[in-house]
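Residue-level structure breakdown
Chain residues, written in single-letter form:
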Amino acid sequence: MKKIGIITYHRANNVGAVLQNHALQITLRKYCDVETCDVETVDYRNVLIEQSNRIFTKKTLKEYVKLFVQLGSYIKREYCFNCYRKKYLKISEKRYTQKNIFESENEYDFFITGSDQVWNLSLNHFDYNYYLEFVSDADKCRAYAGSFGNFNFDKEALDKAIKLLKRFKYVTVREVSAKDFLERSGISAVTVLDPTLLIDGTLWKRELELKEEKKANYVFVYMVAYTPMLISKAKEYARRNNLSIMVMHYGYKKISGVRNLRAVSPKRFLEYLLNSDIVFSSSFHAICFSILFKKEFVFALDKSKVNNNSRIESLCSRLSLMNREVESVNYEEKISYGQVYEVLNDERKRSLVALMRMVDAKE
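Presented here is a report on the structure given in the accompanying data block. (Residues numbered from 1 in each chain as written. Predicted model: local features only at pLDDT ≥ 70, side-chain atom pairs only at ≥ 80, totals over all residues. Heavy atoms only, no water.)

What about the overall build of the protein chain?
The following threshold applies: Per the convention used, a helix needs a DSSP run of H or I reaching at least four residues, while a strand needs a run of E reaching at least two, with both numbered from the N terminus. Residue exposure (1.4 Å probe, protein chains only): buried if accessible area is under 20% of the type maximum, exposed if over 50%, otherwise partly exposed. Any two residues whose heavy atoms approach within 4.5 Å are treated as being in contact. For every accessible area listed, the method is Shrake-Rupley and the probe measures 1.4 Å; residues are considered covered only by the protein chains on display. Only four residue types enter the tally: Lys and Arg on the positive side, Asp and Glu on the negative side, with His and both chain ends excluded. To locate a charge, take atom NZ for lysine, CZ for arginine, CG for aspartate or CD for glutamate.
Helix and strand counts for the protein chain stand at twelve helices and twelve strands. C-alpha extents for the protein chain along the principal axes are approximately 60 × 50 × 45 Å. Across the 363 residues that make up the protein chain, the buried fraction comes to 59%. Sequence-distant contacts in the protein chain: of pairs separated by 6 or more residues, those separated by 24 or more amount to 75%. For the protein chain, the computed accessible surface area is about 16800 Å², with 50% contributed by carbon and sulfur atoms. Taken as two groups, the 59 positive and 45 negative side-chain charges of the protein chain have centres that lie 6 Å from each other.

What follows is the structure in structure tokens.
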């Protein structure tokens, strides 16, 4: 039996990170022969990533003050995510750290690193195990929808990343900018969809038994990057259309005039999004699921000098949805999902071919 190990940020208490991991597992199980293929996520734990969203870890005084203000939400959020992982993700029984991750090589026929920003060195604190540095056999190195997020790293760090990626048997990436960067470095790469988009919205509803309400009466906002214009525009839209507003965010300060959502499981996140009248977001994965559920949506880009806008821009450009940007959107012009899905379905087929090619490779 062929055993596949997925390396990703499965432990992050972030809806996008967990849902993309779930999506890749679903897709591999759906299209692989279950009798000859076993798929699981390698329980690799990066201590510094853990510290960024865990309660009982080393923090600064300021971080502890913020934690105290919303301790209840932190505890509930941790519980919700752990329940989701336990119910929906197949994770290796053995836990791995930077000290023993090399031991996993003998457990798997090959590894797939991705999706998510697994190559964002500032996000993973320069942990090259997400580049499969621990794998000695290059034939076991594969990537599905890998993402850098941005390229604001020094030359030495990027040179090491490139050297490791040159060993890979297959490299597929999520953004056009990543493909261009790798090809300039002599690495052949194919752009593919994020795993969440490989699964039809109907299947997501069935897989998670999502509850659908008959009538939408609220605006749903999910803010990851700090984009204050998004909140003001969402409030304006809600006021004009006599709707309430729900804002999912991780800030310690409450946003006035809205219902603040801080301890939300991945499943509940999808239900809030599914049942909303419209979605306002700076989150890539909120955009993905808005498309999957054929929702009206508006997105905002991060104005920071160092940002991760490439994934949103790449997807929306591909699907001709850049006109949904918050500063220029025309609310009267509804999304033509017939046209969107013509492109999406072609991209989905192409992405599945690329994924199956790396899984079924015998050479």
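With respect to the nonpolar core
Rules: For our purposes a nonpolar core is just a set of buried Ala, Val, Leu, Ile, Met, Phe, Trp, Tyr and Cys residues, chained together by side-chain atoms within 4.5 Å.
Leu-28, Trp-204, Phe-220, Phe-269, Ile-291 and Leu-355 are the most contacted members of the largest nonpolar core, which has 70 residues in total. Looking at this core element by element, the count peaks at ten residues for helix α12 (residues 337–360). Those residues in contact with Trp-204 that lie beyond four places of it in its chain are Leu-19, His-22, Ala-23, Ile-26, Tyr-84, Thr-196, Ile-199, Leu-210, Leu-270, Phe-289, Leu-292 and Phe-293. Of all hydrophobic cores here, the second largest spans 38 residues; its members include Tyr-44, Tyr-96, Leu-158 and Leu-165.

Section: the packing of aromatic side chains
For clarity, the threshold we go by: For Phe, Tyr and Trp, rings pair up if their centres lie within 6.5 Å, where Trp contributes its six-membered ring, and each pair is then called stacked (planes under 30 degrees apart), edge-to-face (over 60) or tilted (otherwise).
Under the definition given, this model contains 22 aromatic pairs. Between Tyr-44 and Tyr-130 the ring centres are 5.6 Å apart and the planes differ by 65 degrees, which places this aromatic pair in the edge-to-face class. A residue pair is termed long-range when its members are at least 10 positions apart, and Tyr-44 in strand β2 (residues 37–44) and Tyr-130 in the loop between β4 (110–113) and β5 (141–146) qualify at 86 residues. Of the two residues, Tyr-44 and Tyr-130, both sit in the buried class. Between the aromatic rings of Phe-289 and Phe-293, the centroid separation amounts to 6.0 Å while the plane-to-plane angle is 40 degrees, which identifies the pairing as tilted. Comparing Phe-289 with Phe-293 shows no difference in burial state: the two are buried. Three or more aromatic residues joined by ring pairs form one cluster here, namely Trp-119, Tyr-128, Tyr-131, Phe-148, Phe-151 and Phe-181.

Description of the layout of surface pockets
Using a probe with the size of a water molecule, rolled over the atoms, empty space left in the structure can be pinpointed. What counts is decided by this rule: Cavity means a closed set of points on a 1 Å grid over the protein atoms alone, one where a 1.4 Å probe fits but cannot get out, pocket means an open set with protein on both sides within 12 Å along at least 5 of 7 lines, and lining means a residue has an atom within 4 Å of a point. Grid points are joined across faces, edges and corners, and a volume is the space filled by probe spheres set on the points. Charged means Asp, Glu, Lys or Arg here, nonpolar means Ala, Val, Leu, Ile, Met, Phe, Trp, Tyr, Cys or Pro, and polar covers whatever is left, Gly included.
By volume, the second largest pocket amounts to about 230 Å³. Tyr-170, Val-171, Thr-172, Ser-188 and Val-190 are the residues nearest the centre of the second largest pocket, which is lined by 17 residues in total. The element contributing the most residues to the lining of the second largest pocket is α12, with five residues. Here the residues of the lining of the second largest pocket are counted per class, giving ten nonpolar, three polar and four charged.

Looking at the pattern of salt bridges
Worth spelling out the cut-off: Salt bridge criterion: a side-chain nitrogen from Lys or Arg within 4 Å of a carboxyl oxygen from Asp or Glu.
Going through the model one piece at a time under the given rule, you end up with 17 salt bridges. Note that Asp-43 and Arg-45 form a salt bridge whose closest N and O atoms lie 3.0 Å from each other. Accessibility assignment for this pair places Asp-43 and Arg-45 in one class, buried. Among the charged side chains, a salt-bridge network with shared partners connects Arg-174, Glu-175 and Asp-194.

Some points on the sheet that holds strand β3 (residues 91–96)
As a general point, the strands of a sheet are linked pairwise by backbone hydrogen bonds and lie either parallel or antiparallel. Stated formally: By this definition, two strands are paired if DSSP reports at least two bridges between them. Orientation is described by axes fitted as lines to C-alpha atoms, over the contacting stretch for helices, and by angles from 0 to 180 degrees between their N-to-C directions.
With parallel pairing, seven strands are arranged side by side in an open sheet as β3-β2-β1-β4-β5-β6-β7. Every interior strand has two partners, whereas the edge strands, β3 and β7 (190–191), have only one. For strand β6 (residues 170–173) and β7, the ladder comprises two bridges, and the chain directions are parallel. Looking across to β7, one finds that Thr-172 is bridged to Val-190. Sitting on the sheet, helix α6 (residues 176–184) touches β6 and β7, and the angle it makes with β6 is about 140 degrees.

Concerning unusual backbone geometry
Along the chain, Gly-114 connects to Ser-115 via a cis peptide bond; the corresponding omega equals -15 degrees. Its location among the elements puts Ser-115 in the loop between β4 and β5. Its identity as a non-glycine residue notwithstanding, Lys-294 has a phi of 55 degrees, on the positive side. Among the secondary structure elements, Lys-294 is positioned in the loop between α10 (284–292) and β12 (297–299). Look at Lys-294 and you get exposed, because its relative accessible area is 52%.

As for the packing of helix α1 (residues 15–31) against helix α9 (residues 266–274)
Applied cut-off: Note on terminology: angles under 35 degrees are roughly parallel, angles over 145 are roughly antiparallel, angles of 65 to 115 are roughly perpendicular, and the others are oblique.
Axis separation between α1 and α9 bottoms out at 10 Å; the angle between their running directions is 100 degrees. The angle between α1 and α9 falls in the class roughly perpendicular. Mapping the contact onto sequence places Val-15, Val-18 and Leu-19 in α1 and Pro-266, Phe-269 and Leu-270 in α9. Residue composition of the contact of α1 with α9, grouped by class: six nonpolar, no polar and no charged.

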